Each structure stands twice: as C-alpha cells, then as structure tokens.
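So you can see what is in the structure, the chains are spelled out below.
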Amino acid sequence: MKTAAEYLTVKSIAIAIAIRAALMLFVAAPLLAQAQALDAGNEDVRTLIYPLSWLEIGVINVPTDSPKFGEYNGLDRSGAYLLANVELRGGDAYQQGDGSTRWQVRGIDLGTTSRRLEANVAQQGLWNFGVHFDQLRHYTTDGSYQTPFLGSPGDNLFILPPAFGVINTTTTTSAGVITSENRGAQSLSASQLAMFHNKNIYTERRDTGLTAGYHMNAQWALQFDFKRLGQSGAKLIGSGTDAYDLSDAGGFKYGGERIAILMNPTEYKTDTLNLTLNWTGRKGFASAGYFGSIFHDDYSGISWSNPFVTGGTGGAPNPAPGTSPGAAFPLSTMSTPPGNQLHQLNLSGGYLFSPATKLTGGLSYARNTQNASYDGTYTLVPNTAEILPVNSLDGLVVMTHADLKLTHQASSALNFVAGFKYNERDNRTASHEYTFLDLGGEELSAVNIPMSNKRTQFDLGADYRFSAHQKLHLGYESERINRWCNNPLANNAQGELSATNAGYYTTASCVQVPRNSENRLVATWRASLGESVNVNAGFTHGRRSSEVNRSFYNPMQANNQGFENYGYLAFFDASRRQNLFKAGVTWQATDRFTIGLNGRRTNDDYDSTLGVQKGDTSSANLDASFSYSENGSVAAYASWQRRTRDLLSASGRDAIVLRDTLWSNNFSDRDNTVGFSGKQKSLLGGKLDLTEEFNYSSGTSRYVTNLVQNISAAVGNSGSSPDIRAKTTQFRFVGAYRLNTASSVLAGYLYQRLKSSDYFYSAYQFGFTPTTLLPTNQQAPNYTVNTIFVAYRYSFR
C-alpha cells in the first residue's frame with residue numbers, strides 16, 4: 001500500500017499479501033520513530049524556526065526472485081536496490097525572519113518502482129503551488145503464469161507462433177450440429193508445450209499532477225488541482241471462445257466453448273481537474289466548484305489467435321498438433337474498457353446560527369457520457385454478416401446529489417445531530433436489441449438495460465453525557481432505494497425463458513427488486529470505571545425490506561443459461577434482519593502496563609427462497625503493552641475472526657424443475673494473528689536504538705456442498721472442498737546508530753515467508769482434465785525471503 005504521508009527517515013516500503021489482505025511492512029517501518037529519538041529534545045520548536053533537511057542513501061539486498069513479495073514495493077527480483085530518500089526545506093519564513101514563504105522538496109523510495117517525488121512552495125495566506133510524480137508497480141501474479149502467445153503486457157494482439165498449429169479437440173455431435181454442451185477434450189503435443197513461456201504480469205501507475213491556490217483576500221480563495229493518471233501493463237482475464245469445426249467447406253460450425261487466460265492491457269489515461277472557489281465569512285462558508293474526469297483507453301479491444309479447431313480446414317482432415325491451419329485460423333476479439341467523460345458542478349456551504357446550532361449541506365449535478373465505437377470490440381464470425389442496431393452505446397447517466405446536516409448542542413450534556421442525503425443516478429441511455437451468436441453457435445438476442453436508481457437516507461442521533469465518566473449515543477437511520485428503467489424496450493422485452501416457463505417468468509422488467517427500505521437502531525455506551533478501566537458496548541439492529549418481482553424476466557438474459565434462477569435473490573437485495581453486538585474493555589493496570597480486549601459479532605438472516613439464507617461474523621482482539629524502563633518496552637497482540645455463510649440454490653434454471661431440486665453451500669473462513677514487538681532506546685551511551693517485531697497470521701477457508709432435495713449424488717457434486725490456506729510469518733530487526741549530531745547509520749534484517757494452497761489453481765495446470773481451458777501452469781503463491789539493508793542519513797539545518 002502506498003501513502004503520501006511525510007517521513008523523516010527511510011520510508012516504510014509496503015508489502016501487500018493479497019490472500020486475506022494481510023499487510024506487511026518492510027524493514028524500515030520503525031525508522032521514523034528511531035530518527036525522531038536521535039533528534040530528541042525540543043525538536044518541534046527547533047523545526048519551526050530552523051527546518052530540518054535530510055538526505056538518505058543506502059542499499060537493500062533481496063536474494064530471491066518473488067513478484068509476490070514485491071507485489072507493491074518494487075522488490076520483485078533478486079539483487080541490490082538503491083535506497084534513496086530526501087527532504088529539503090527552506091524559505092524566508094524560517095529562522096525568525098520577516099518573510100512568509102516556505103518551500104519543500106521530497107523524494108521517497110527513489111530507487112524502486114514505488115517512488116514519489118514532489119515539490120511545493122507557498123506564501124502563507126496568499127498563494128501556493130506544487131507538483132508531484134508518483135509511481136507504483138503492482139505485480140498481479142507470482143511469476144508462474146505461462147502462455148504460448150507472442151506478446152508482452154500492454155499489447156492488445158496475441159498471436160501464436162507459426163509452428164504452434166492448432167489444439168486438437170475431440171467432440172460429439174448430434175444430427176451434425178456441434179453445440180456448446182458438446183465440450184470435448186483437448187491435447188497438447190510436446191512441441192506445443194515447449195512453446196509456453198513465463199510472463200510476469202503487472203500494472204504500473206504513474207500519477208503526475210500539480211496544485212495551485214490563490215487567496216484574493218481574507219474571504220475569497222481559488223484552488224486548482226490537475227492530475228494525469230497513466231496506467232500501463234496488463235491484468236489477466238479469462239476469454240471465452242469456440243473450438244471451430246472446419247470440416248464443412250461451406251461454413252463454420254462450432255465445437256464447444258473453450259477458455260484462454262490472456263494479458264488484458266491496461267493502457268489507460270485518466271485526466272482529472274478540480275477547480276473550486278471558496279468563500280469564508282464570520283458565520284458561514286461556501287464553495288462552488290467544477291470537477292472533470294476524462295478516461296481514455298489506447299485500445300478498443302484485445303484480439304488473439306484461436307487455437308481450438310476441430311474437423312480440419314476446408315473439408316481437409318483435422319490438422320495434426322504443431323501443423324499450420326492456414327488462412328482459416330480465426331482471431332477472437334473482446335472489448336477493453338471504453339473511453340468516457342464525467343463533468344460535475346458542486347456547491348457546498350454552512351452557516352452558524354448560534355454557538356450551539358450549525359447547518360451544513362451540499363449540492364452536485366453531473367453528466368457521465370460514453371460513446372466509444374463498437375468497432376474492434378467483438379469477434380467477427382467467418383462467412384457471416386453481423387449487423388448491429390447502432391454503432392455505439394451513446395450512453396448518458398445524469399447524477400444529482402444533495403445533503404444536509406444539522407447539529408445542535410442543547411446543553412452541556414446533550415447534543416443532537418440530524419442528517420439527510422439524496423443521490424439519484426438517472427441512466428438515460430437508450431435500449432436496443434442486439435443479435436449475436438453465442439459460444440455454441442446459436443443465434444440469440446438480448447436487450448441492454450440502462451438501470452437507474454435513487455437512494456434517500458435520513459439519520460437522527462443524540463449524545464448524552466451522564467457525567468465526565470459516562471456517555472450514551474442513540475441513533476436512528478433510514479434508507480430507501482428505488483430502481484427503474486426509463487424506456488419501454490428494457491421494461492417489456494420477452495424472450496426464450498419466459499416462453500418455455502409460462503406462469504413463472506411472466507413479468508418483463510429490467511429490475512428484479514424495484515424497492516428496498518431499511519431501518520436501523522443504534523446504541524453505544526462508553527464509561528470510565530475509576531481512573532484505570534474504560535469500557536464500551538454497542539448494539540445495532542437493522543431490518544431491510546425488499547419489494548420483489550418474483551416473476552422477473554431479465555431482458556439481458558438471452559437463454560436459460562442466465563443467472564436468474566427462479567426465486568433466487570442476491571444477498572444485497574434480499575430482505576434481511578441484522579443484529580450487531582460489540583464490546584470492549586481497556587485496563588491501565590499501572591503507568592507501565594496496559595491491556596485491552598474487544599469483540600464484535602454480526603448476525604444476518606435473509607428472507608429469500610433461494611440465495612444466501614444467513615451469515616455470521618465474529619471477531620476478538622487482545623493487545624497489551626509494557627514499558628519495563630524509560631527506554632525499553634514490549635507489546636503483544638492476538639486477533640481471531642470467523643465468518644460463515646449459508647446459501648440455498650437449485651440445480652438448473654428451469655422454473656418447473658427448480659421447485660424440487662435443491663442444494664446448499666456453506667462457506668466458512670477463519671483468520672488468526674499473533675504478534676510481538678520490542679523497542680530499546682539510547683543504548684551504548686545514548687547512540688543506539690533497536691526495534692524487533694514478529695508477526696504470524698493464518699487463514700483457512702472451506703466450502704461444503706450438500707444435496708438437499710431430488711438430486712442424485714455423483715462424483716464432485718457434493719462434499720467439502722479442500723481447504724484454502726495462507727500462512728505468513730515475518731520477523732524484523734532494525735537498528736539505528738548515531739555517529740554524531742548530523743549523521744546516522746541504519747541497518748536491518750527482514751525474514752518473511754508466505755505459504756499458501758488453493759485448489760482453484762489446479763484447473764490451470766498442464767494435463768488437468770476437463771481441458772476446456774488453455775493451461776497457464778499458475779501456482780498458488782509461496783515464497784521465503786531473507787533481506788538486509790543498510791543506509792546512511794545526513795541531517796542539516
């Protein structure tokens with residue numbers, strides 16, 4: 001993770017462990033505190049008068065290649081990396097002068113791909129100007145991804161080597177027609193496997209911007225910000241394609257669905273502009289502004305060679321592995337994100353009616369447009385002429401927002417707060433009926449549904465202080481959501497599923513849940529029991545009601561392979577009862593020892609025929625700290641979390657069958673973390689500071705599927721999945737030694753290990769069956785890294 005916060009020494013280099021989102025800090029994390037200790041005394045006062053500037057130079061050695069270890073910190077490959085950080089400050093406002101100008105230049109992690117450089121100058125109360133550059137490379141695989149395609153991350157055309165040929169596919173046919181259900185097995189020859197090669201997949205962000213402000217007088221000020229966010233590289237994406245049956249010289253047939261994992265380019269540019277005029281009066285303030293965002297994608301689509309062929313070319317026998325299929329070898333194409341623009345006007349302000357009563361609020365109006373051409377965004381089927389109803393979406397979404405907040409201090413013990421929010425997303429895009437061929441070669445049609453929604457929120461709260469040691473908060477929250485479509489085609493389209501399930505999918509609509517309403521009651525109590533014990537407890541009860549169109553037919557659903565199981569509701573739309581309990585206690589046993597314990601439990605019960613039925617989340621955290629001397633301390637913590645989810649669904653999409661064929665799926669997730677740390681300051685005559693830290697975390701997830709009603713047991717359709725596991729271990733040791741008042745040497749060691757297993761990766765392996773997926777040989781991430789660093793820091797005023 002990356003931040004733009006200021007640092008006075010070697011900046012922490014973040015290491016993000018994606019599994020369980022466990023965030024690890026790099027070796028230099030405690031250096032800020034140590035550098036502050038080296039400059040102890042009246043540092044804050046001195047800095048105001050004589051600003052501290054510093055330079056840092058060093059080296060860090062990473063002995064092992066690991067894109068997962070270097071997911072965010074730029075330390076993905078073995079070798080030595082430059083540690084370079086700088087902060088320079090100056091201006092005539094310092095040193096007790098009569099000026100008012102300050103300037104600053106900062107550079108952080110300049111030797112890695114996680115660098116930031118910025119410069120700012122300001123004349124207090126009159127103007128300010130600044131520029132910045134921020135880079136962050138994010139590795140999204142651990143280096144095990146393999147592909148036979150020629151191309152690099154950032155490209156949008158991936159061609160197989162000329163000698164690769166086709167992948168033989170064996171299919172079964174019915175009356176000479178090969179459908180998507182007739183999926184066969186593929187085989188890769190030894191020569192084809194030899195053409196697979198590794199690619200490190202990453203996306204890189206380059207953020208360049210400037211900011212400027214001008215105070216016209218004590219009341220009026222103008223602020224301008226501009227940022228260009230450039231992105232490059234790629235993310236992996238699954239692409240559906242067909243195994244073409246070329247045995248018929250008169251045209252193409254379809255040999256069933258196949259999947260390739262491709263490098264989807266992220267060659268994007270986003271320009272954002274924010275211009276604000278601010279006014280400040282004696283009792284009020286106001287701001288009027290414009291915000292604009294323009295997104296541009298260098299490509300309209302991504303294309304790749306389709307190696308899945310059956311039956312031969314032009315009536316010839318099926319090509320052997322490694323032989324060329326000739327000109328009939330087709331390209332498949334899918335779209336990348338289209339360019340779009342957002343333009344928004346903002347107005348906000350506040351007024352102080354009295355010392356006890358204040359009102360604040362805001363308004364905004366925005367238009368979001370998208371009109372990129374469809375050209376180059378879809379696969380052209382050989383020997384067919386596809387006609388689109390329009391050549392672009394011509395999309396328009398109008399967004400309006402309003403909010404108000406009133407606070408009133410009724411007495412020294414009682415405070416009231418009332419708030420209101422209104423958000424409307426009005427999708428004015430037209431609907432059209434699109435005809436296409438699915439992956440089975442069947443001609444289908446579907447209608448795009450430009451859904452709109454309106455969300456209205458209201459909250460009322462009161463805080464009452466019984467005494468200096470006891471407080472109570474009570475609150476009520478209300479939320480209403482309405483969803484709709486603006487055109488008849490989206491609301492009235494009927495299709496195959498409604499015709500074959502008469503009496504079930506009878507109501508055409510773009511919305512399954514047109515209305516939600518939720519009410520919540522909140523209570524929190526805090527108290528101090530004596531001078532050493534603080535306690536808190538809270539409870540929230542929420543009830544969400546949903547108006548459901550139970551005979552809903554989705555016009556985007558082209559056939560019965562859609563997601564609309566009759567009676568199925570997504571958990572975020574379904575009616576729900578939620579109860580949340582939380583409590584905590586902190587005990588400061590002595591001036592040196594403190595211990596705290598807190599916990600939380602949430603229960604969700606859903607009212608839906610199919611879908612999530614219930615959910616539960618529980619967590620507990622224990623932490624303690626002990627200062628055994630003025631210059632030494634230790635701390636420890638432990639956390640536990642458990643989540644469960646119960647889901648009920650059906651085996652098919654036919655409404656008549658769904659009434660009797662049911663299965664359930666239960667998900668559970670457990671996370672445990674423990675950690676210890678220690679600090680020793682002013683050793684060796686006040687010159688040496690040490691920091692030690694140990695962390696261990698373990699996470700396990702499991703799915704269990706049970707057959708509930710009228711489903712015959714078969715291999716793989718019930719039982720427990722293999723556990724999904726991730727364990728991380730980290731030990732860190734850092735020391736800082738002061739050579740003199742201006743110079744310091746910092747050194748450290750980091751041990752970090754990730755051990756994970758996930759059965760999901762089994763499908764990517766060479767030789768895995770069923771082989772409807774072009775293998776990538778990706779592995780669950782695992783690594784062990786031992787890292788050392790040394791740096792020299794010079795400070796001056």
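Everything discussed here concerns the structure shown above.
As the structure is a computational prediction, the values presented were derived from the model and not from experiment. (Residues numbered from 1 in each chain as written. Predicted model: local features only at pLDDT ≥ 70, side-chain atom pairs only at ≥ 80, totals over all residues. Heavy atoms only, no water.)

Novice: How would you summarise the pairing of strand E17 (residues 284–297) if you had to cite specific residues and measurements?
Specialist: As defined by bridge partners, strand E16 (residues 268–280) adjoins E17 across 13 bridges and the pair is classed as antiparallel. Across the sheet, residue Asn 274 finds its bridge partner in E17, namely Phe 291. (Pairing = 2+ DSSP bridges. Helix = DSSP H or I, 4+ residues; strand = E, 2+ residues; numbered from the N terminus.)

Novice: Just give me the short version of the packing of aromatic side chains, but keep the residues and values in it.
Specialist: With the rule as written, the count across this model stands at 17 aromatic pairs. Considering the side-chain rings of Phe 539 and Phe 581, the 5.0 Å spacing of their centres and the 45° angle between planes classify their relative orientation as tilted. Remark: Phe 581 occurs in strand E34 (residues 575–588) and Phe 539 occurs in strand E31 (residues 533–547); sequence separation between them is 42 residues. In this structure Phe 539 comes out as partly exposed when scored by relative accessible area, which is 34%. Relative accessible area serves as the criterion here: at 40%, Phe 581 is assigned to the partly exposed category. Plain terms: the ring middles of Phe 731 and Tyr 749 are 6.5 Å apart, the flat faces sit at 50° to each other, and that makes the pair tilted. Within this pair, whereas Phe 731 is found in strand E41 (residues 724–738), its partner Tyr 749 is found in strand E42 (residues 743–757), the two being separated by 18 residues in sequence. (Phe/Tyr/Trp six-rings, centres within 6.5 Å; stacked < 30°, edge-to-face > 60°. Buried < 20%, exposed > 50% of the residue type's maximum accessible area, 1.4 Å probe, protein only.)

Novice: Quick rundown of a nonpolar patch on the surface? Include the residues and the values.
Specialist: A grouping of Leu 55, Ile 57, Leu 82, Leu 683, Leu 684, Tyr 737, Leu 739, Tyr 792 and Tyr 794 is seen on the molecular surface, where their side chains present a nonpolar patch of about 780 Å² in accessible area. Breaking the nonpolar patch down by element, the ones donating at least two residues are strand E3 (53–62), helix H7 (683–686) and strand E43 (783–796). In this fold, Leu 55 is placed in strand E3. (Patch = residues over 30% accessible without salt bridge, like charges linked within 9 Å, V, L, I, M, F, W, Y side chains within 5 Å. Areas by Shrake-Rupley, 256 points an atom, 1.4 Å probe, with all protein chains shown as cover. Salt bridge = Lys/Arg side-chain N within 4 Å of Asp/Glu carboxyl O.)

Novice: How would you sum up the nonpolar core? Please name residues and give values.
Specialist: Phe 149, Phe 158, Leu 262, Met 263, Trp 304 and Leu 774 are the most contacted members of the largest nonpolar core, which totals 20 residues. Elements that contribute at least two residues to this core include exactly strand E15 (253–265) and strand E18 (301–305). Examining the composition of this core, we find that four residues originate from one element, E15, more than from any other. Discounting residues that sit within four places of it in the chain, Phe 149 has contacts with Phe 158, Ile 159, Leu 160, His 197, Leu 262, Trp 304, Ser 305 and Leu 774. Listed in part, the 15 residues of the second largest apolar core include Ala 736, Leu 754, Val 785 and Ala 791. (Core = buried A, V, L, I, M, F, W, Y, C linked by side-chain atoms within 4.5 Å. Contact = heavy atoms within 4.5 Å.)

Novice: Any details on the sheet that holds strand E20 (residues 331–335)? Residues and values, ideally.
Specialist: Strand order in the open sheet formed by three strands is E9-E18-E20, with mixed pairing between adjacent strands. Every interior strand has two partners, whereas the edge strands, strand E9 (157–158) and E20, have only one.

Honestly, it's all geometry; don't read function into it.
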